[in-house]
Amino acid sequence: MKIAILPGDGIGTEIVAEAVKVLNVLDLSFETETALVGGAAYEAHGHPLPESTLNLAKAADAVLFGAVGDWKYDKLERALRPEQAILGLRKNLGLFANFRPAICYEQLTHASSLKPELVAGLDILIIRELTGDIYFGQPRGRRTAVDGLFPGAEEAFDTMRYSRPEVERIAHVAFQAARRRNKRVTSVDKANVLETFQFWKDIMIEVGQQYPDVALDHMYVDNAAMQLVKAPKKFDVVVTGNMFGDILSDEAAMLTGSIGMLPSASLNDRNQGLYEPSHGSAPDIAGQGVANPLATILSVAMMLRYSLNQTEAADRIESAVSAVLSAGLRTGDIWSEGTKRVGTREMGDAVVAALVAQTGGKTITSITTS
Ligand code: NAD
């Protein structure tokens, strides 16, 4: 197994360092290689995604990504901005399935803006199709209208489209993920208005027939947005298109309180994946040693589960994170009265200590790094 480590910019380097520590105490054998990406790569090589970094990512079974970006790059031409590295990796690796779990640890229910009883124990998974839909559909552009309400007026247009294979493959991803969880899939669409999403719904039903052990239901996107804040625990796996998923996954993320807790994964059809926290490079706190590394550490758990087939190791990391929270340790973003405020490094060390404690103090390390 080969893991490409791309820390990136800002707090990216700080949080990835803690995640690598966690990898190092697991009883697993793999190779890691680190490369520059984002602003750091632009400074060194004049491009946010140098060919060497892209080749490393392509050759790896999984990519552990920190975050990229800094306000100082805002004036660069678009193609050279750090964030272009993420789009380049998604495109070149064919990462079409985005997984965003929204998990609310019992110990952090007060951090949510919803009532604790609505979010305590919340564990849902939003699966967003990542490479199609209106974000990529052609044609798009601006022109002079030849029909519509105002012929002759300037207008802009985009194209919403999905092909059958695109919908089928994300449907399989969702049903297979549900099999590893509570065996329920909610497909979110707008089939009452959009032809694209009637097509989406029809295919979800067809593919669902191959998974008789998984319950499938359908919800219009407007209702789904409402239900996510009314009764989020009713969901198990939510699958939807690129645009609806963009919006709903951020809504679901905020149910859990802090963005510093939320991992994510983007997978291709070979289960090769890019794993990263849901947040950005947080230039406002970079270099201070206060960033929460748990989203990145939980991204490692996702990487072990989805790309590296190491479910037991993934479970161990998640239970170590839970143990650390139960012990009352908190970074600033999740701190509250009565808990102990710690920095990035102390939080990483505490997760490592909890992992070591699970094995009665013994650790085996077999990792080569370069
Ligand atoms: P951000 O997610 O970096 O930060 C938003 C807020 O959350 C900030 O106040 C930050 O301090 C806080 N925060 C984020 N992660 C945290 C953590 N782990 N622990 C504690 N607090 C945390 O979003 P932003 O400020 O809008 O963007 C900053 C830069 O990151 C921009 O250049 C943006 O383009 C980039 N960005 C990158 C990614 C990515 O790499 N995937 C995603 C989003 C934004």
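Note that this is a predicted model, so its numbers are computed, not measured.

Regarding the UniProt feature "binding site: substrate" (unreviewed entry) in the chain
Stage number 1. Under the feature "binding site: substrate" (unreviewed entry), the UniProt entry names Arg-90, Arg-100, Arg-128 and Asp-222. A maximum C-alpha distance of 27.8 Å shows the annotated residues, which cover 133 residues in sequence, to be distributed over more than one spot.
Stage number 2. Assignment of secondary structure puts Arg-128 in strand S5 (residues 123-129).
Stage number 3. If near-sequence neighbours (up to four positions away) are discounted, Arg-128 is found in contact with Phe-96, Ala-97, Asn-98, Tyr-135, Ile-170, Thr-240, Gly-241, Asn-242, Gly-245 and Asp-246.
Stage number 4. Secondary-structure assignment places Asp-222 in helix H8 (residues 221-230).

Quick word on the environment of Gly-241
Stage number 1. Along the chain, Gly-241 turns up in the loop between strand S10 (237-240) and helix H9 (242-255).
Stage number 2. Here the alpha-carbon distance between Gly-241 and Ile-127, two residues 114 residues apart in the chain, equals 8.6 Å.
Stage number 3. Apart from residues no more than four positions distant in its own chain, Gly-241 is found in contact with Arg-128, Glu-129, Asp-133, Tyr-162, Phe-197 and Trp-200.

Some details on the site of the ligand
Stage number 1. As a matter of local geometry, the ligand sits amid 21 residues, with Val-68, Glu-83, Gly-280, Ala-282 and Asp-284 nearest to it.
Stage number 2. Contacts to the ligand include Gly-280, whose backbone N or O atom sits 2.7 Å from an oxygen atom.
Stage number 3. At 3.1 Å, a backbone N or O of Ser-281 approaches an oxygen atom of the ligand.
Stage number 4. In isolation the ligand has 810 Å² of accessible area, and contact with the protein removes 69% of it.
Stage number 5. Tallied by class, residues from the shell around the ligand come to 10 nonpolar, six polar and five charged.

Considerations on the packing of aromatic side chains
Stage number 1. Tallied over the full model, the rule gives seven aromatic pairs.
Stage number 2. Judged by centre distance (5.0 Å) and plane angle (10°), the rings of Phe-175 and Tyr-211 are stacked. You can see Phe-175 sitting in helix H6 (residues 164-179) and its partner Tyr-211 sitting in the loop between helix H7 (195-208) and strand S9 (215-220), a full 36 residues away along the chain.
Stage number 3. On the basis of relative accessible area, Tyr-211 is assigned to the buried category, the value being 5%.

Some thoughts on the domain arrangement of the chain
Stage number 1. The assigned domain composition of the chain is domain 1 (1-99 + 264-370) and domain 2 (123-255).
Stage number 2. Computed from C-alpha atoms alone, the centre-to-centre distance between domain 1 and domain 2 is 27 Å.
Stage number 3. The interface of domain 1 with domain 2 comprises eight residues on the first partner and 12 residues on the second.
Stage number 4. A per-residue breakdown of the area domain 1 buries against domain 2 is headed by Phe-96, Asn-98 and Phe-99, which together make up 63% of the total.

Quick word on the pairing of strand S3 (residues 62-67)
Stage number 1. Summarising burial for S3: six of the six residues are buried, a large majority.
Stage number 2. Sheet topology places strand S1 (residues 2-8) next to S3; five bridges connect them, and they run parallel. The residue of S3 that forms the bridge with Ile-5 is Leu-64.
Stage number 3. By the bridge criterion, three bridges tie S3 to strand S12 (residues 273-277) in an arrangement that is parallel. Its bridge partner being in S12, Val-63 is matched across the sheet by Leu-274.

Some thoughts on the nonpolar core
Stage number 1. Phe-99, Ile-127, Met-303, Leu-304, Ile-317, Val-321 and Val-351 are the most contacted members of the largest nonpolar core, which totals 87 residues.
Stage number 2. For this core, the element with the highest residue contribution is helix H10 (residues 294-306), accounting for nine residues.
Stage number 3. With residues near it in sequence (within four places) discarded, Met-303 still touches Ile-3, Leu-23, Ala-62, Leu-64, Tyr-275 and Leu-308.
Stage number 4. With 18 residues, the next largest nonpolar core counts Ala-4, Ala-35, Leu-54 and Leu-56 among its residues.

Structural notes on the UniProt feature "binding site: Mg(2+)" (unreviewed entry) in the chain
Stage number 1. Per the UniProt record, "binding site: Mg(2+)" (unreviewed entry) is found at Asp-222, Asp-246 and Asp-250.
Stage number 2. Note that Asp-246 resides in helix H9.
Stage number 3. The exposure class assigned to Asp-246 is partly exposed, which follows from its relative accessible area of 27%.
Stage number 4. Residues contacting Asp-246, with those up to four places away along its chain left out, are Arg-128 and Tyr-135.
Stage number 5. Note that Asp-250 resides in helix H9.

Examining the packing of H6 against H7
Stage number 1. Where H6 contacts H7, the two axes come as close as 9 Å, and the packing angle between them is 50°. As the angle between them shows, H6 and H7 are arranged oblique. The interaxial crossing formed by H6 with H7 has right-handed handedness. Facing Arg-164, Val-167, Glu-168, Ile-170, Ala-171, His-172 and Phe-175 of H6, the residues of H7 in contact are Phe-199, Trp-200, Ile-203, Met-204, Glu-206, Val-207 and Gly-208.

A word on unusual backbone geometry
Stage number 1. A cis amide bond links Gln-138 to the next residue, Pro-139, at an omega of 0°.
Stage number 2. Among the structural elements, Pro-139 can be located in the loop between S5 and strand S6 (141-144).
Stage number 3. In this structure, Asp-133 is a non-glycine residue whose phi angle is positive, near 75°.
Stage number 4. Here Asp-133 lies in the loop between S5 and S6.
Stage number 5. We classify Asp-133 as buried; its relative accessible area is 1%.
Stage number 6. Even without glycine at this site, Asn-271 takes up a positive phi of about 65°.
Stage number 7. Looking at where Asn-271 falls in the secondary structure, it is placed in the loop between strand S11 (263-267) and S12.

Calculation rules
- Residues numbered from 1 in each chain as written.
- Predicted model: local features only at pLDDT ≥ 70, side-chain atom pairs only at ≥ 80, totals over all residues.
- Heavy atoms only, no water.
- UniProt positions renumbered as here; feature names shortened; annotations may be inferred.
- Helix = DSSP H or I, 4+ residues; strand = E, 2+ residues; numbered from the N terminus.
- Contact = heavy atoms within 4.5 Å.
- Near = heavy atom within 4 Å.
- Polar contact = N/O pair within 3.5 Å; in protein donor to acceptor, adjacent residues only side chain to side chain.
- Areas by Shrake-Rupley, 256 points an atom, 1.4 Å probe, with all protein chains shown as cover.
- Nonpolar A, V, L, I, M, F, W, Y, C, P; charged D, E, K, R; others polar.
- Phe/Tyr/Trp six-rings, centres within 6.5 Å; stacked < 30°, edge-to-face > 60°.
- Buried < 20%, exposed > 50% of the residue type's maximum accessible area, 1.4 Å probe, protein only.
- Domains from an automatic or database assignment.
- Buried area = accessible area lost by both parts, 1.4 Å probe.
- Pairing = 2+ DSSP bridges.
- Core = buried A, V, L, I, M, F, W, Y, C linked by side-chain atoms within 4.5 Å.
- Axes fitted to C-alpha atoms, helices over the stretch in contact; angles between N-to-C directions.
- Parallel < 35°, antiparallel > 145°, perpendicular 65-115°, else oblique.
- Left-handed = near helix turned anticlockwise from the far one by under 90°.

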